[in-house]
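# Breakdown of the fold
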Amino acid sequence: CYTNFFYALTKKHNFTYSISALKVLNTIDVQSRGCHLIAHMIAIAETEKNPDRWKDLISKMDINMCSGGLVHGVLEAHTRYDNNFTLNSKTIDEICTFVEGNFGKQGEYNCSHIMGHLALSQELGNFQKALDFCNGITPQRKYECYSGVFMENETRDNLVIHDGFIKVKWDDDFIKVQEGICSQYSDEQANA
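Notes on the structure follow.

### A word on the overall build of the protein
Scanning the protein from terminus to terminus reveals 12 helices and 0 strands. In the protein, the order of α-helices and β-strands from amino to carboxyl end is α-α-α-α-α-α-α-α-α-α-α-α. In terms of overall size, the protein behaves like a compact globule, its C-alpha atoms giving a radius of gyration of 16 Å where 192 residues would be expected to give roughly 16 Å. Along the first, second and third principal axes, the C-alpha set of the protein runs to 45 × 40 × 30 Å.

Quick look at the structure:
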């Protein structure tokens, strides 16, 4: 329920107001400190107001807050609402270079990881196509991109929210499926 609330709050006010409210909520409800998806919705709501301002929004955000959820949300909204944008190896490198320019290496790693999540979502769960995006980016970004692809398949946050996938139940059967997927890969992809 917090994600929907903060989405509406940000639409009514702005992301600075919503972040302040989230910080207060974190002191009241300790479970809200795992706020990655709440931060997604704050950033998405703010980016929707003017999708062309996505770079300006990123430069004003705390990349560490909510495990990078704010930046993740802006990039997610950018890929969704900019009709001229296509997510591919070239655009991943361009965006992550911009994010690195604002936040240094930590921003670059965070961005690369996020792009792996978005690549799997864009490709509707097709691992090979998503991993191909990662294969084509700057070498130091590949590991985080790969890990984002695999993590998105495990969490399915973007796939569920935007692409009609169902949330999976984490049980022994699902873990076996994940192990089967991971065992198909080697080297850096297997490590990710």
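### Points about the environment of Phe 133
Mapped onto the elements of the fold, Phe 133 is located in helix H8 (residues 127-135). Judged by its relative accessible area of 14%, Phe 133 falls in the buried class. Note: C-alpha distance between Phe 133 and Phe 5 (128 residues apart in sequence) is 34 Å. Each residue touching Phe 133, except ones within four places of it in the same chain, is listed here: Leu 87, Asn 88, Ser 89, Ile 92, Ala 119, Gln 122 and Glu 123.

### Digging into the pattern of salt bridges
The full count for this structure, using the stated rule, is 11 salt bridges. The salt bridge partner of Asp 56 is Arg 53, with a shortest N-O separation of 3.1 Å. The partly exposed category is assigned to Arg 53, whose relative accessible area is 30%. Salt-bridge contacts for Glu 108 lead to Arg 141; the nearest nitrogen and oxygen are separated by 2.8 Å. Placement of the pair is Glu 108 in helix H7 (residues 105-122) and Arg 141 in helix H9 (residues 139-155), with a sequence separation of 33 residues. For the residue pair Glu 108 and Arg 141, the accessibility class agrees, reading buried in each case. The structure contains a network of salt bridges with shared partners spanning Asp 93, Glu 100, Lys 105, Glu 108 and Arg 141.

### Topic: the packing of helix H2 (residues 15-28) against helix H3 (residues 36-49)
Interaxial distance between H2 and H3 falls to 10 Å at its minimum, and their mutual angle equals 165°. The pairing of H2 with H3 is recorded here as roughly antiparallel in orientation. Handedness of the H2/H3 crossing: right-handed. Facing Phe 15, Ser 18 and Leu 22 of H2, the residues of H3 in contact are Ile 38, Ile 42 and Glu 46. Per-class residue counts for the contact of H2 with H3 are 4 nonpolar, 1 polar and 1 charged.

### A closer look at the environment of Thr 86
Within the secondary structure layout, Thr 86 lies in the loop between helix H5 (69-81) and helix H6 (89-103). Residue Thr 86 is classed as partly exposed on the basis of its relative accessible area of 47%. Between the C-alpha atom of Thr 86 and that of Gln 122, which follows or precedes it by 36 residues, the distance is 9.6 Å.

The rules behind each value
- Residues numbered from 1 in each chain as written.
- Predicted model: local features only at pLDDT ≥ 70, side-chain atom pairs only at ≥ 80, totals over all residues.
- Heavy atoms only, no water.
- Helix = DSSP H or I, 4+ residues; strand = E, 2+ residues; numbered from the N terminus.
- Rg over C-alpha atoms; globule rule 2.2 N^0.38 Å.
- Buried < 20%, exposed > 50% of the residue type's maximum accessible area, 1.4 Å probe, protein only.
- Contact = heavy atoms within 4.5 Å.
- Salt bridge = Lys/Arg side-chain N within 4 Å of Asp/Glu carboxyl O.
- Axes fitted to C-alpha atoms, helices over the stretch in contact; angles between N-to-C directions.
- Parallel < 35°, antiparallel > 145°, perpendicular 65-115°, else oblique.
- Left-handed = near helix turned anticlockwise from the far one by under 90°.
- Nonpolar A, V, L, I, M, F, W, Y, C, P; charged D, E, K, R; others polar.

Shape is all these values report; function is a separate question.
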